[in-house]
Amino acid sequence: MKINLISDTVTKPTQEMLAFMFNAEVGDDVFKEDPTVNKLEAHAADLFGKEAALYCPSGTMTNQIAIKTHTQPLDEMICEVDSHVFQYENGGYAFNSGIAVNTIQGKYGKLEADQVKKAIKLDYDWLPNSKIVVVENTCNKGGGSIYTLEELNAIGKVCQGNQLKYHLDGARLFNALVETGDSTAAIGSTFDSISICLSKGLGAPVGSLLVGDVGFIKRARKFRKVMGGGMRQAGYIAAAGLYALENNIDRLKVDNDRAKAIGSVLDQSNYVAAVKPVQSNIVIFDLIEGITPAMFLEKLAALEIHASAFGPQSIRFVTHLDISALMIERLMEVLSTEISSDSFHL
Ligand SMILES: *Cc1c(COP(=O)(O)O)cnc(C)c1O
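Residues numbered from 1 in each chain as written. Predicted model: local features only at pLDDT ≥ 70, side-chain atom pairs only at ≥ 80, totals over all residues. Heavy atoms only, no water.

(A) Molecular detail of the domain arrangement of the chain. With domains assigned, the chain is organised as domain 1 (13–247) and domain 2 (251–344). Between domain 1 and domain 2, the contact holds 18 residues from the first and 16 residues from the second. With both sides pooled, the region where domain 1 packs onto domain 2 buries about 1,500 Å², and carbon together with sulfur makes up 54% of that total. It is Gly143, Asn175 and Glu179 in domain 1 that bury the most area against domain 2; as a group they hold 30% of the surface buried on that side. The interface formed by domain 1 and domain 2 includes 2 salt bridges. (Domains from an automatic or database assignment. Contact = heavy atoms within 4.5 Å. Buried area = accessible area lost by both parts, 1.4 Å probe. Salt bridge = Lys/Arg side-chain N within 4 Å of Asp/Glu carboxyl O.)

Following this line, the structure appears as structure tokens:
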């Protein structure tokens, strides 16, 4: 039994999702004539109480388009040092937007309103113009940590008071919302723009959505085209996104609960030095000295369990739609009995 905890991006469409995709009505989306893409975009806008949305091939593209649309060269983006927009998008803020970055060391990947306030630059000729704040919810590198609505709104207030745009990298937003119970409308009213991934825990094979007001999305469409993201009969894949939003949100709680259970087992294991607090479907933990991630991953792989190294001493597990109860049972057994610090012959 192969157990793949490398990422929640590894999920494959179910028969039901495939049937829904197969039957999608399609047209040319570059001419805005794909009814299924139009339906998905309208649904997303509606969900967040925003005016419009844009379907894109990836979450990197929706983040990059948002940054590009909100900024001018010589501006700067304020974000947490571990954030995806800074760490994992090839420095796209500089490449695509010609802007600077101002990183803040937060806690478990989360920023605080006071930190943002202090990071805003004064208006001097020699300083970039602080223009956009990007927060990530859940925070991947923070161990899947979750912002409360209060924390998000406090940062939003700082943005409003300083003419800063406020963008949410919500690749795994719904993993957070099933925990906090906050409404999508409340999230929508907090941010200028929101990016969500359909291809992570929601289980669609591809696609992300960017939501915002009409003027913002109109300009975003141009940037999507110049980045090569204008797709034609995209309704076939957009249908998977619609299916995911309609069927796969509530079950994210299962993934979160399983990750928490895994975290508890790891907490009590003698080969683990520390586990980041588990709040959603990501478990990040440090191995004790002497056990390298390569050694640990090799042992897991021999048992058909696959995960990824996350830094020089850390491992990441991500739970998702294609992990069964049986797989979790087996994983727990391996983590609690078959692996111990002794098994590494230190
Ligand atoms: C996955 C992810 C993205 C977007 O990734 P793509 O692979 O480009 O779809 C953006 N932000 C976060 C936090 C992510 O985890």
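(B) Structural detail: the sheet that holds strand 7 (residues 193–197). As summarised here, the arrangement of the 7 strands in space is 2-8-7-6-5-3-4, forming an open sheet in which the pairing is mixed. Strands at the two margins of the open sheet, each flanked by one partner only, are strand 2 (52–56) and strand 4 (100–104). Averaged over all adjacent pairs, the angle separating strand axes in this sheet is 20°, with direction ignored. Of the pairings in the sheet, the one linking strand 6 (residues 165–170) to strand 7 comprises 4 bridges and is parallel in character. Note that in strand 7 the partner of glycine 170 across the bridge is isoleucine 196. The sheet contacts of helix 2 (residues 35–48) involve strand 2, strand 7 and strand 8 (208–212), and relative to strand 2 the element is tilted by about 130°. (Pairing = 2+ DSSP bridges. Helix = DSSP H or I, 4+ residues; strand = E, 2+ residues; numbered from the N terminus. Axes fitted to C-alpha atoms, helices over the stretch in contact; angles between N-to-C directions.)

(C) Region of interest: the nonpolar core. In this structure, Tyr55, Val133, Val135, Ile155, Phe174, Ile187 and Leu245 are the most contacted members of the largest nonpolar core, which totals 51 residues. Of all the elements, helix 11 (residues 235–247) adds the most residues to this core, at 7 residues. Ranked by size, the runner-up nonpolar core spans 30 residues in total, among them Ala259, Tyr271, Ile291 and Ile305. (Core = buried A, V, L, I, M, F, W, Y, C linked by side-chain atoms within 4.5 Å. Buried < 20%, exposed > 50% of the residue type's maximum accessible area, 1.4 Å probe, protein only.)

(D) Structural context of the side chain of threonine 138. As for its position among the elements, threonine 138 is in the loop between strand 5 (129–136) and helix 7 (149–161). Among residues more than four places away in sequence, those in contact with threonine 138 are Gly144, Ser145, Ile146, Arg172, Leu173, Asn175, Ala176 and Ser280.

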